[in-house]
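Observations on the three-dimensional arrangement
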Amino acid sequence: EIYNSKLAQAHVAAENRLSYNEVISLCGNVPTADKDAGPCFLGADVGKYIHCVIGKKYPDKAAQIVYIGSFPEWEYLGTLMKRFNVSRAVIDGLPETRLARSFAEAHKGKVFLCFYNEHQKGGYAWHDEKLTVQANRTESLDASHAELAGGKVMLPRECSTLQEFARQCTNVARVLQRDPDTGSSKYVYLQTGDDHYRHAFNYEAMARQHGSNSFFGNCDLT
């Protein structure tokens, strides 16, 4: 039952949860950058700190991640937009909706607030005028999970920040959830610990996948 009721200590199929070694093995020899000519794509999970992941498309891979970091200032997020020539960014629409929308207005056409919609199916729904994007949470996490699990992402050189990134990527588990009222079942991703970087990567992947007709093509987690 939902990962032994409350996700205590229980078994989860390997394909439904990333392992630390699986993620850290994606680290290359290039250190985290402080700038890049781009075009780059940015994902940010918003909370007490802003956890940010910046990547770009890379030959024979889905992406090369060039920056991973966390900080408290929205101003610094704006600095990163310039330093990395970000062409599209997806940031968490909640809980700081007012601040996030203000940031999107300041970078109109490049920054979109993400709101998960469990009824959204297929591709992401981009709304240019509203500066928002809607996505099915499970399907979007399936897509970014497949990139990491499939070794399609190149990460910067291993360091303490990358180790924390890898650790947080393990704190999301895909489990089959049953509705006791209807008896129907569906897969959902449940949090088992801090997962800010995992969602920041998910948002970066959403931004990078914009315009793709096949971003769910390699997400067979059934």
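Anyway, here's the lowdown on the structure attached to this text. (Residues numbered from 1 in each chain as written. Predicted model: local features only at pLDDT ≥ 70, side-chain atom pairs only at ≥ 80, totals over all residues. Heavy atoms only, no water.)

Looking at the overall build of the protein chain
Where we set the bar: Secondary structure elements are defined from DSSP: runs of H or I of at least 4 residues count as helices, runs of E of at least 2 residues count as strands, and each element is numbered from the N terminus. Any residue under 20% of the maximum accessible area for its type is buried, any over 50% is exposed, and the rest in between are partly exposed; the area is computed with a 1.4 Å probe on protein chains only. We call two residues contacting when some pair of their heavy atoms lies within 4.5 Å. Accessible areas in this description were obtained via Shrake-Rupley with a 1.4 Å probe; residue shielding takes into account the shown protein chains only.
What the protein chain contains, in helices and strands, is seven helices and 10 strands. The proportion of buried residues among the 222 residues of the protein chain is 47%. For the protein chain, contacts bridging at least 24 residues in sequence account for 62% of all contacts bridging at least 6. Split by element, the accessible area of the protein chain, about 11100 Å² in all, is 47% carbon and sulfur.

Overview of the pattern of salt bridges
As a reminder of what qualifies: A pairing counts as a salt bridge when a side-chain nitrogen of Lys or Arg comes within 4 Å of a carboxyl oxygen of Asp or Glu.
Enumeration according to the criterion identifies eight salt bridges in this entry. The partner of K56 in a salt bridge is D36, with the nearest N and O atoms 3.0 Å apart. Residue K56 is found in strand β2 (residues 50-58), and its partner D36 is found in the loop between α2 (20-24) and β1 (40-46); the two are separated by 20 residues along the sequence. Taking relative accessible area as the criterion, D36 reaches 18% and is therefore assigned buried. Where D194 meets R167, a salt bridge forms, and the shortest distance between an N and an O atom there is 4.0 Å. One end of the pair, D194, is in the loop between β10 (185-191) and α7 (196-208); the other, R167, is in helix α6 (residues 160-169), with 27 residues separating them in the sequence. Using a relative accessible area of 40% as the deciding quantity, one classes D194 as partly exposed. Using a relative accessible area of 34% as the deciding quantity, one classes R167 as partly exposed. What emerges from the salt-bridge pattern is a single network uniting E147, E204 and R208.

Here we look at α7
Convention followed: In this analysis, the expected span of each helix is defined as 1.5 Å times one less than the number of residues it contains.
Between its terminal C-alpha atoms α7 stretches 18 Å, which fits the 18 Å expected from 13 residues at 1.5 Å a residue. Here α7 lies mainly inside the structure; 12 of its 13 residues are buried. Looking only at α7, the buried set comprises Y197, R198, H199, A200, F201, N202, Y203, E204, A205, M206, A207 and R208.

Re the nonpolar core
Using the following cut-off: Here, nonpolar core refers to any group of buried Ala, Val, Leu, Ile, Met, Phe, Trp, Tyr and Cys residues whose side-chain atoms link them within 4.5 Å.
Counting residues in each nonpolar core, the largest one holds 24 residues, and the members touching the most others are L42, I54, L77 and I91. Listed by contribution, the elements that provide at least two residues to this core are β1, β2, β3 (61-71), α3 (74-83), β4 (86-92), α4 (97-106) and β5 (111-116). With 18 residues, the next largest nonpolar core counts C27, V53, L148 and F201 among its residues.

Brief notes about the packing of aromatic side chains
Working definition: an aromatic ring pair is given by the centre-to-centre distance plus the angle between the planes. As a reminder, the rule being used: Two rings from Phe, Tyr or Trp (for Trp, the six-membered ring) form a pair when their centres sit within 6.5 Å of each other. Planes less than 30 degrees apart are called stacked, planes more than 60 degrees apart edge-to-face, and all others tilted. Consider the ring centre and the ring normal. A charge sits over the ring if Lys NZ or Arg CZ is within 6 Å of that centre and within 35 degrees of that normal.
According to the stated counting rule, one finds seven aromatic pairs in the structure shown. Considering the side-chain rings of Y67 and F84, the 5.7 Å spacing of their centres and the 50° angle between planes classify their relative orientation as tilted. Of this pair, Y67 sits in strand β3 while F84 sits in the loop between α3 and β4, and the two are 17 residues apart along the sequence. Assigned by exposure class, Y67 and F84 land together as buried. An aromatic cluster of three or more residues is present, and its members are F165, Y197 and F201. A cation over an aromatic ring shows up here: R88 above the ring of W126, its NZ or CZ 4.6 Å from the ring centre. The residue whose ring lies beneath R174 is Y187, and the NZ or CZ to ring-centre distance is 4.0 Å.

Brief notes about the packing of α6 against α7
Rule in force here: In this analysis, axes come from line fits to C-alpha atoms, helices being fitted only over the stretch in contact, and the angle between any two N-to-C directions falls in the range 0 to 180 degrees. Our angle categories are set so that under 35 degrees counts as roughly parallel, over 145 as roughly antiparallel, 65 to 115 as roughly perpendicular, and the remainder as oblique. Note on residue categories: nonpolar means Ala, Val, Leu, Ile, Met, Phe, Trp, Tyr, Cys or Pro, charged means Asp, Glu, Lys or Arg, and polar means any other residue, Gly included.
Closest axis-to-axis distance for the α6/α7 pair is 7 Å, and the angle between their directions is 90°. Put simply, α6 runs roughly perpendicular to α7. For the pair formed by α6 and α7, the contact residues are T161, E164, F165, Q168 and C169 on the first element and H196, Y197, R198 and F201 on the second. Here the contact of α6 with α7 is composed, by residue class, of four nonpolar, three polar and two charged.

Some points on the packing of helix α5 (residues 137-149) against α7
Direction vectors running N to C along α5 and α7 enclose 90°, while the axes themselves pass 9 Å from each other. Between α5 and α7, the interaxial angle falls into the category roughly perpendicular. When α5 is examined against α7, the residues R137, S140, L141, S144, H145, E147 and L148 are found in contact with a partner set consisting of R198, H199, F201, N202, A205, M206 and R208. Of the residues that constitute the contact of α5 with α7, the class distribution is five nonpolar, five polar and four charged.

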